[in-house]
Amino acid sequence: MIRDLNNRINFFIIVGIFLVSVIIRFYLSQLTAAPIVFGDELLWSKLAESFHNQLNTDFRGNYFITQNILYPIIISVAYFFNDSSMIYLTIKLINCFLMSAVVFPIFLLSRRIFDNRWLVFFLVIISVSIPEMFQTALIMQESLFYLIIVVTIYFIFIEFENPSNFSTITWNLFISFLLFLCYFTKAIGLALFLSYLLYTILSYFIFKRNKLKEVALKVLYISISFASYYYLTKLSIEFVNGFPDISDLYMQKFHFQFNIDFLMKAATGLVLISFYTIIAFMILPVIVSISSISKQHSAINQLSIFILLSTIISIVIIDFMIFVLETSSIYEIRVHIRYLFVYFIFYLIACAYQLYNKNENLVNLFFIVLSVLFAALSSFILEKYKLVNAMLYVDAMMLSYFNLYYKYDVFKLLFNIGIIISLTIFVYWQIKRKFRQTLIFTLASVFIISLIGNFTMYSLYSSNYKNIGSGFGSNELRKEINSISNFLNEKNKEKSVKVLLMPRTEAKMDGGDGFRIDSLESMLNVNYSFLPFLEGLNAPFTDGVFNLENFYPFGYKYTNSPKVPIGKIDYVITTVENVIFEHLNLVSIDGVGKFYRVYKVDNENGTFAVAQMIINRHVDLWNDGIVKIRIYSNKQHINVDLNLNATDNPTNPTIKISDSTGHLESTIVKKTGSIYSFEANKNQQDQFFEISIESNDSFVPKTIIPNSVDTRELSFRLLDVKIKKD
């Protein structure tokens, strides 16, 4: 009776933790107004839309990857709604359910290991308190990956408890299916499959319990089963796509040049990724779980070995496939903790087990050496090999507090002292055999650090990041996207419309334009094509005219060329500034204009032209000492009026005005403003007039204007350009 009552109480508590986690995470997910992770969120949302609407994996006219698409398949149910904002909310709600659901396998696993119910519940709470839970606010695979990995490792642990009962073909088919789901969710999930095979082989040499023939057969069964699942899903995806040429997401990552520089960078990467992973996992759980590894055949010891093996293989894959290729400067690095965070809770469980069961051999040579190395070198490594702060909000949420580390010297001092003090306290209490205090101290430290990480993630998501909007939760950005989407949906009801998305350039990686067009595209559910403005100038662009009817767009990074031409365009949505178009009429939509411009094409052929373009001019009309004007015209000579001023510049800057033929004139720009007339010429073969205006007389607003924080080096303002009629 009491046992039944306890089971019922446990059930209600664990369901309560799950629901509270879903509610809190769904509330926090509202901090993102729109998809913000360049490329990634756009890809998974569009694959989900294609799967729901067309039962294929089309993306911008490409039939995209056949692997790692379980996540977009699951979130595709959100596209039963027509409203883009409702679709986005539904996807984030699905994320919250998926990530919060880890409480169930963690509870079941912990109950098999601990007889203390409150310790079990505390571990469950920590599993959904880590900063990486902010992945629920993003359309990213990590939301599903966390759950799939935890479930898989739970069943692997059951096998560790009694291997002889789990050697059947049925079990091998089941466990290989779970391992395949890890890979089908995210490519790095392959590491778990490789770890399982390698561990099966190593266990023969470590524990000497299984026969070599049994080990060989198990490895064979698992490998064949995994390969069968792989080719079955690959064939299925190709079938629903009509067996086209599938664009491969990963082929470009296999271009290695094995030389000394590559090997040195790879070796450095292994050390740095390992170091930052231990920091992200809060040091003690990793050191304790590794220090406790022995040749005992206990399930928890096997779990520790298996998790360590999985982490090492994952780090090697990350190093060779991502770190070496993406890290341009070894002294400013990106560490993809989001590929590794799924293992953290298992290190913590293994650590808690050793302390709870009063393992007196934890403070061994390995523990002392690793602790001393961390205490002595952490400050040096953190200063010399800095994290790329800009990417912490998605790559390494468990390290998000490094935004504070690099910003405040006090936090830096407290952090480095904290490492030394925490390791010292741990060793002292272990020597004194105060296991209870050590366990409480470790769990409390982990929980507090997690709260700090959550706070910094909240701060990041609430602030203005890379000029995307007024913060990730920008109501302005959300309103513009929803207004544009609703406007196009209404027009699409009248007749099928075709939209052209035209950012300045797809290659722009520092936020702003690139992020905003991805945010809009992710939420767009009408027929559209994509053409980056700057890249498009050299393709369908002739004599200032975009003729897109028979033009094949560029597609997307990692993909093959699309098979369908753009065709006739009804609307153009762009983030391009300083451009005057012909045959495009600006559409007035309430609340739209700060981030996007929507134009209607008034040409029956669906073509439009660029009449004038200003290059290197800031939004506030200032420039950094040189600005260029392109004017598209069939004439060989034109006269233009240049409206200039220098307002805050303490000097009246001298400027030089020239065209592509070498014609040069000089003048002085007055603070109050002046209009200068210039006759421009162009060469016979040129498509456009290019007028350059240059000056060496610059100033820094911060040093001149009171309370200014503007550190740009500015010269003069180009207010307007008017072409005189003949």
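Keep in mind that what you see is a predicted model, and the values were worked out from it rather than measured. Every chain is numbered independently, its residues counted from 1 as its sequence is written. For a predicted model such as this one, the threshold for reporting local features is a pLDDT of at least 70, and the threshold for listing and counting side-chain atom pairs is 80 or more; totals across whole chains, interfaces and linings nevertheless cover every residue. For the side-chain quantities, the full set of heavy atoms in the structure was used; hydrogens and water were omitted.

### Some points on the packing of aromatic side chains
Here the aromatic set is Phe, Tyr and Trp, taking the six-membered ring for Trp, and pairing holds for ring centres within 6.5 Å; pairs whose planes are under 30 degrees apart are stacked, those over 60 apart are edge-to-face, and all others are tilted. Taken as a whole and judged by the stated rule, the model has 49 aromatic pairs. Both rings, one in Y230 and one in Y231, keep their centres 4.9 Å apart while their planes meet at 85°; by these two values the pair is edge-to-face. The buried label goes to any residue with under 20% of its type's maximum accessible area, the exposed label to any with over 50%, and the partly exposed label to all in between, with areas taken from a 1.4 Å probe on protein chains only. Overall, Y230 belongs to the buried group, its relative accessible area being 19%. Connected via pairs of aromatic rings, a cluster forms that spans F177, F180, Y183, F184, F193, F226, Y229, Y230 and Y231. For the cation-ring pair, R117 lies above W118, with the distance from its terminal atom to the ring centre recorded as 4.9 Å. It is K600 that lies over the ring of Y571; its NZ or CZ is 5.3 Å from the centre. Think of it as a cone above the ring: NZ of Lys or CZ of Arg counts as a charge over the ring if it is within 6 Å of the ring centre and within 35 degrees of the ring normal.

### Brief notes about the pattern of salt bridges
What makes a salt bridge here is a side-chain nitrogen of Lys or Arg within 4 Å of a carboxyl oxygen of Asp or Glu, nothing more. Counted according to the given criterion, the structure contains 18 salt bridges. Between K186 and E142 there is a salt bridge, and its shortest N-O distance comes to 2.8 Å. On the criterion of sequence distance, the pair formed by K186 in the loop between α8 (169–185) and α9 (190–207) and E142 in helix α7 (residues 142–161) is long-range, its members being 44 residues apart. With a shortest N-O distance of 2.6 Å, D620 and R712 are connected by a salt bridge. Numbering of helices and strands runs from the N terminus; a helix is a DSSP stretch of H or I covering at least four residues, while a strand is a stretch of E covering at least two.

### Examining the pairing of strand β9 (residues 571–574)
Covered by surrounding structure in β9 are Y571 and I573 together with V572 and T574, the residues of both alternating faces. Following DSSP output, two strands are said to pair if at least two bridges run between them. Across four bridges, the pairing between strand β5 (residues 499–502) and β9 is parallel. Counted as the bridge partner of V499 is Y571 from β9. Where β9 lies against strand β12 (residues 597–601), four bridges are found, and the strand directions are antiparallel.

### Description of α7
How far a helix is expected to stretch is found by multiplying one less than its residue total by 1.5 Å. Between the first and last C-alpha of α7 there are 28 Å, a value that for 20 residues agrees with the 28 Å anticipated at 1.5 Å per step. Burial analysis of α7 places 17 of its 20 residues in the buried class, which makes it a mostly covered element.

### Observations concerning the packing of helix α18 (residues 409–431) against helix α19 (residues 435–462)
To get an axis, a line is fitted to the C-alpha atoms, and for a helix only the part in contact is used. The angle between two axes follows their N-to-C directions and goes from 0 to 180 degrees. Where α18 meets α19, the closest approach of the two axes is 8 Å, and the angle between their N-to-C directions is 155°. What the angle tells us is that α18 and α19 run roughly antiparallel. In this structure, α18 meets α19 at a crossing whose hand is left-handed. In contact with S422, I425, F426, W429 and Q430 of α18, α19 contributes F435, Q437, T438, F441 and T442. Residues are grouped as follows: Ala, Val, Leu, Ile, Met, Phe, Trp, Tyr, Cys and Pro are nonpolar; Asp, Glu, Lys and Arg are charged; every other residue, Gly included, is polar. Split by residue class, the contact of α18 with α19 holds five nonpolar, five polar and no charged. Working rule for angles: under 35 degrees goes down as roughly parallel, over 145 as roughly antiparallel, 65 to 115 as roughly perpendicular, anything else as oblique. Should the near helix be turned counterclockwise from the far one by less than a right angle, the crossing is left-handed, whereas a clockwise turn marks it as right-handed. Contact between two residues is taken to exist if any of their heavy atoms lie within 4.5 Å; hydrogens are not considered.

### Digging into the packing of helix α6 (residues 117–127) against α19
Where α6 meets α19, the closest approach of the two axes is 11 Å, and the angle between their N-to-C directions is 25°. Looking at the two axes, α6 sits roughly parallel to α19. Handedness of the crossing formed by α6 with α19: left-handed. Facing L119, F122, L123, I125 and I126 of α6, the residues of α19 in contact are L439, L443, V446 and F447.

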